[in-house]
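Below, each chain spelled out in residue letters.
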Amino acid sequence: MLNKAHRLNKHGSFSYVYRNGKRLSEPDVVLIFTPARSVRVGFSVSNKVGKAVVRNKVKRRLRAAVQTRLDSIAGCQAIVVANPSASGRDYAALDGQLYRLFTRAGLIKNDKAV
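Residues numbered from 1 in each chain as written. Predicted model: local features only at pLDDT ≥ 70, side-chain atom pairs only at ≥ 80, totals over all residues. Heavy atoms only, no water.

To continue, consider the side chain of Arg55. For Arg55, the position within the fold is in helix H2 (residues 52–68). Buried charge without a partner: Arg55 forms no salt bridge, and the closest opposite charge is Asp28, 16 Å away. The contact partners of Arg55, leaving out residues within four places of it in the chain, are Val45, Ser46, Asn47, Val49 and Gly50. (Helix = DSSP H or I, 4+ residues; strand = E, 2+ residues; numbered from the N terminus. Buried < 20%, exposed > 50% of the residue type's maximum accessible area, 1.4 Å probe, protein only. Lys, Arg positive; Asp, Glu negative; His and termini not counted. Salt bridge = Lys/Arg side-chain N within 4 Å of Asp/Glu carboxyl O. Contact = heavy atoms within 4.5 Å.)

Here it is in structure tokens:
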């Protein structure tokens, strides 16, 4: 579970990111992001993905994938949107797609600078 400080959960926050954010996509996941001081991530999984059990499973996998990389993500407000095809993917596939999206967005901190 993401720490409360890292959650994007207000309607206004989601609206701001949807309005002003840049979009990048992979086959199963879309990343919408804006720069910010701290990392805050929200998740959106529509009814098209499947019934409640399937949607919750996809959200849990996406949350876990973001949480494992939270320390290496630069400050941003981001929304992770699951496409209907995400329901058929395992954790490793979703994690890989999220990592590629954050890397393409330039939001992964450089580990060599330490």
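The subject of this paragraph is the nonpolar core. One finds Leu31, Leu62, Val66, Val80 and Leu98 to be the most contacted residues of the largest nonpolar core, which totals 27 residues. Other than its neighbours up to four places away in sequence, Val66 contacts Leu2, Val41, Phe43, Ile73, Leu98 and Phe102. (Core = buried A, V, L, I, M, F, W, Y, C linked by side-chain atoms within 4.5 Å.)

The subject of this paragraph is the sheet that holds strand S2 (residues 29–35). Taking strand neighbours across the sheet as the criterion, the four strands line up as S1-S2-S4-S3 in an open arrangement whose pairing is mixed. Lying at the two open borders of the sheet, with one neighbouring strand each, are strand S1 (22–25) and strand S3 (39–45). Across the sheet, the axes of successive neighbouring strands diverge by a mean angle of 20°, strand direction being ignored. For S3 and strand S4 (residues 76–82), the ladder comprises seven bridges, and the chain directions are parallel. Paired with Val45 across the two strands is Ala82, which belongs to S4. (Pairing = 2+ DSSP bridges. Axes fitted to C-alpha atoms, helices over the stretch in contact; angles between N-to-C directions.)

The next point concerns the pairing of S3. Regular strands place side chains that alternate from one sheet face to the opposite one. Of all seven residues in S3, six are buried, a share of seventy percent or more. In this fold, S3 hands off to H2, which returns the chain to S4; that crossover is left-handed. (Right-handed = clockwise from strand over helix to strand, strands pointing away.)

Its location among the elements puts His11 in helix H1 (residues 11–20). Here the alpha-carbon distance between His11 and Lys22, two residues 11 residues apart in the chain, equals 18 Å.

What follows deals with H1. Every buried residue of H1 is accounted for by Ser13, Phe14 and Val17. In a view along the axis of H1, the buried residues occupy a sector of 100°, so they form one face of it. Across H1 from its buried face, at more than 90 degrees, point the exposed residues His11 and Arg19. At its buried positions, H1 is contacted by S2, S3 and S4. (Arc of directions from axis to C-beta.)

The next thing to look at is the packing of H2 against helix H3 (residues 91–104). Taken N-terminus to C-terminus, the directions of H2 and H3 make an angle of 50°; their axes are 9 Å apart at the nearest point. One finds that H2 runs oblique with respect to H3. Judged by the twist between their axes, the crossing of H2 over H3 is right-handed. Side by side, H2 and H3 meet where Arg61, Leu62, Ala64, Ala65, Val66 and Thr68 of the first sit next to Tyr91, Leu94, Asp95, Leu98 and Phe102 of the second. Tallied by class, the residues present in the contact of H2 with H3 amount to eight nonpolar, one polar and two charged. (Parallel < 35°, antiparallel > 145°, perpendicular 65-115°, else oblique. Left-handed = near helix turned anticlockwise from the far one by under 90°. Nonpolar A, V, L, I, M, F, W, Y, C, P; charged D, E, K, R; others polar.)

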